Amino acid sequence: MTIRVSRLANGMRVVTDAMDSVETVSLGVWVDVGTRHEPKEINGVAHVLEHMAFKGTTRRSALEIAAEIEAVGGHLNAYTSREHTAYYAKVMKPDVSLAVDILADILQHSTFEPAELERERAVILQEIGQAQDTPEDIIYDYLQEQAFPDQPMGRPVLGRAPIIRTIGRDAVAGYLSRNYAAPGMVLAAAGNCDHDAVVALAERTFAALPARSHAATEPARYVGGEYREDRDLEQVHVLLGFPGFAFADPDYHAASVVSAALGGGMSSRLFQEIREKRGLVYSIYSFSHSYSDGGLFGVYAGTGEREAAELLPVLCDEIRKLDRGLDLVELDRARAQLKAGLLMSLEATSARAEHHGNHVLVFDRPFDAADIIRRIDAVDAAAVARVAARLIAARPTFAALGPIGAVEDYDRLARRLAA
């Protein structure tokens, strides 16, 4: 397996990860813009663009885009996040040129026909409605908004329904023309591919991309606070969050280790204490989400109405206990979980392409599994203590959704964490 990186004349980067043992290639274009790069009045436009890119170009109709990729047994998809947007495909080795051509076409020559926009607007509104009906999903938007209020980082990726109903073609096309530029785009491919051939394809097909500098955004400012919504549900869904660790933070990997030990599996502290010993929840886990200039560290739990009053004090106690550190067995187990998860993911071409695409955008270098493993192994007791101290010293963010009558108030919750 060989990883190579090239930069085109317009600034677009191309990274390939050759795997001669497979017959497929996963490839895509990762763009360094997302929800946080939107003007407030068109929140959701990045996600609308992601949908509309597949709805027709000057060369292909929406049906032809789908039919051409599926005629060779491949598939095409995309996603939007707060900082990135990705358009990706998986095909057999002989069909790489087709996949690159389609990706280049939809990202440079989409027509955004008004009739297609109206149809897709209805689809996106249904997607928003589905998210609203899924408490375990929508509560993350509520947490994000409270952690980063009145700023781009706090806005929902899907957008808000009233805005989506009014977004027009010019807003979508304008967002693309302002923000999609070659220096902020990476073509990543993993599988049975030839680097020089992929670079040649990219040089030919992505020539229309502008070479100007990529998008800027307002810095993320963590604030903290709470959101509560009394809703007729079977469970109370709660999220407790803290300011997290940026990608370049020296303790980025230590935060992942702490998260794994706290709530990363069935042997974790939260699962054992709160589910196994006390039976207070069915689902509980921790997470460490990172951004270019910050992040969110937190815990999700779904509990019964009667159990909610007992859950939060125990949860706060477990977070407070982090300042005592992890014992050697816990630390080793958490590091092993992260390393195994990383290495297992690399068995899939799609995961490799995604790792490289995101890594080049964030760090300007391809993903290096050996380097990541070294950094995970380097997490020691001192690093764990630094992470714990930063979490406990911060103002928490709290979100609760469901029958919340027994959920204690924010000030008392904050005092438990600070005690």
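Residues numbered from 1 in each chain as written. Predicted model: local features only at pLDDT ≥ 70, side-chain atom pairs only at ≥ 80, totals over all residues. Heavy atoms only, no water.

Trainee: Explain the overall build of the protein to me, and be specific about the residues and the numbers.
Mentor: For the protein, the helix and strand inventory stands at 16 helices and eleven strands. Expected size for 419 residues packed as a compact globule is a radius of gyration near 22 Å; at 23 Å, the protein falls within 12% of this value. With the C-alpha coordinates aligned to their principal axes, the bounding extent of the protein is approximately 60 × 50 × 35 Å. When the 419 residues of the protein are sorted by exposure, 56% land in the buried category. Carbon and sulfur atoms make up 51% of the accessible area of the protein, which amounts to about 17,700 Å² in all. (Helix = DSSP H or I, 4+ residues; strand = E, 2+ residues; numbered from the N terminus. Rg over C-alpha atoms; globule rule 2.2 N^0.38 Å. Buried < 20%, exposed > 50% of the residue type's maximum accessible area, 1.4 Å probe, protein only. Areas by Shrake-Rupley, 256 points an atom, 1.4 Å probe, with all protein chains shown as cover.)

Trainee: For the sheet that holds strand E7 (residues 225-230), give the residues involved together with the corresponding values.
Mentor: On the basis of which strands lie adjacent, the open sheet formed by five strands has the order E7-E11-E8-E10-E9 and mixed pairing. The open sheet is flanked by E7 and strand E9 (281-291), the only strands paired with a single partner. Averaged over all pairs of adjacent strands, the angle between their axes in this sheet comes to 10°, without regard to strand direction. Both strand E8 (residues 236-243) and strand E10 (residues 294-303) contribute to a ladder of eight bridges, which runs antiparallel. When the bridges of E10 are listed, Val-238 appears paired with Ala-301. (Pairing = 2+ DSSP bridges. Axes fitted to C-alpha atoms, helices over the stretch in contact; angles between N-to-C directions.)

Trainee: Run through the sheet that holds strand E6 (residues 185-191), naming residues and quoting values.
Mentor: Spatially, E1-E2-E6-E3-E5-E4 is the arrangement adopted by the six strands of the open sheet, whose pairing is mixed. At either end of the open sheet lies a strand with only one pairing partner, and these are strand E1 (2-7) and strand E4 (75-80). Neighbour-to-neighbour, the strand axes of this sheet turn through a mean angle of 15°, independent of strand direction. Bridging between E4 and strand E5 (residues 85-92) involves six bridges; their strand directions are antiparallel. Note on E5: the bridge partner recorded for Leu-76 is Ala-89.

Trainee: Provide a residue-level description of a negative patch on the surface, including the pertinent values.
Mentor: A contiguous patch of negative charge on the surface is contributed by Asp-230, Asp-232, Glu-234 and Glu-305. Looking at the secondary structure, you find Asp-230 in strand E7. (Patch = residues over 30% accessible without salt bridge, like charges linked within 9 Å, V, L, I, M, F, W, Y side chains within 5 Å. Salt bridge = Lys/Arg side-chain N within 4 Å of Asp/Glu carboxyl O. Lys, Arg positive; Asp, Glu negative; His and termini not counted. Charge placed at Lys NZ, Arg CZ, Asp CG, Glu CD.)

Trainee: Break down helix H11 (residues 308-320) for me, with residues and values.
Mentor: Compared with the 18 Å implied by 1.5 Å per residue over 13 residues, the 19 Å span of H11 between its first and last C-alpha is a close match. Those residues of H11 lying buried are Ala-308, Leu-311, Leu-312, Pro-313, Val-314, Leu-315, Cys-316, Glu-318 and Ile-319. (Expected span 1.5 Å × (residues − 1).)

Trainee: Break down helix H7 (residues 169-179) for me, with residues and values.
Mentor: Considered for burial, the residues of H7 that qualify are Ala-171, Val-172, Gly-174, Tyr-175, Leu-176 and Asn-179. Residues of H7 that are buried in the fold lie against helix H1 (45-52) and helix H3 (96-108). (Contact = heavy atoms within 4.5 Å.)

Trainee: Residue-level account of the environment of Asp-411, with values.
Mentor: Secondary-structure assignment places Asp-411 in helix H16 (residues 410-418). Given a relative accessible area of 49%, Asp-411 falls into the partly exposed group. Between the alpha carbons of Asp-411 and Glu-226 there is a distance of 9.9 Å; along the sequence they are 185 residues apart.

Trainee: Account for the nonpolar core, with residues named and values stated.
Mentor: Counting 72 residues, the largest nonpolar core has Leu-27, Tyr-87, Tyr-180 and Phe-206 as its most contacted members. Per-element tally for this core: the top contributor is H3, with nine residues. Residues Leu-270, Phe-367, Val-387 and Val-407 belong to the second largest nonpolar core, which totals 51 residues. (Core = buried A, V, L, I, M, F, W, Y, C linked by side-chain atoms within 4.5 Å.)

Trainee: Please set out the pattern of salt bridges residue by residue, giving values where relevant.
Mentor: This model, assessed by the stated rule, comprises 35 salt bridges. Between Arg-160 and Glu-145 there is a salt bridge, and its shortest N-O distance comes to 3.3 Å. Residue Arg-160 is located in the loop between helix H5 (135-147) and helix H6 (161-164), and its partner Glu-145 is located in helix H5; the two are separated by 15 residues in the primary sequence. Among the residues examined, Arg-160 registers a relative accessible area of 34% and is labelled partly exposed. For the salt bridge of Arg-275 with Glu-276, the shortest nitrogen-to-oxygen distance reads 3.6 Å. Among the residues examined, Glu-276 registers a relative accessible area of 46% and is labelled partly exposed.

Trainee: I'd love a proper account of the side chain of Asp-105, names of residues and values included.
Mentor: Mapped onto the fold, Asp-105 is located in helix H3. Every residue in contact with Asp-105, bar those within four places of it in the chain, is listed here: Thr-57, Arg-59, Arg-60 and Ser-110.

Trainee: For unusual backbone geometry, give the residues involved together with the corresponding values.
Mentor: Phi is mostly negative for residues that are not glycine, and the peptide bonds are mostly trans. A positive phi angle, near 55°, is found at Phe-112, a position not held by glycine. Residue placement: Phe-112 occurs in the loop between H3 and helix H4 (114-132). Look at Asp-364: it is not a glycine, yet its phi comes out positive at around 60°. With respect to the secondary-structure elements, Asp-364 resides in the loop between helix H13 (349-363) and helix H14 (369-377). Judged by its relative accessible area of 46%, Asp-364 falls in the partly exposed class.

Trainee: Let's hear about the packing of H1 against H4: which residues, and what values?
Mentor: The interhelical angle for the contact between H1 and H4, taken along N-to-C directions, is 120°, at an axis separation of 10 Å. Relative to H4, the element H1 lies oblique. Here the hand of the crossing between H1 and H4 comes out right-handed. Contacts from His-47, Val-48, His-51 and Met-52 in H1 reach Glu-116, Leu-117, Glu-120, Val-123, Ile-124 and Glu-127 in H4. Among the residues forming the contact of H1 with H4, the class breakdown is five nonpolar, two polar and three charged. (Parallel < 35°, antiparallel > 145°, perpendicular 65-115°, else oblique. Left-handed = near helix turned anticlockwise from the far one by under 90°. Nonpolar A, V, L, I, M, F, W, Y, C, P; charged D, E, K, R; others polar.)

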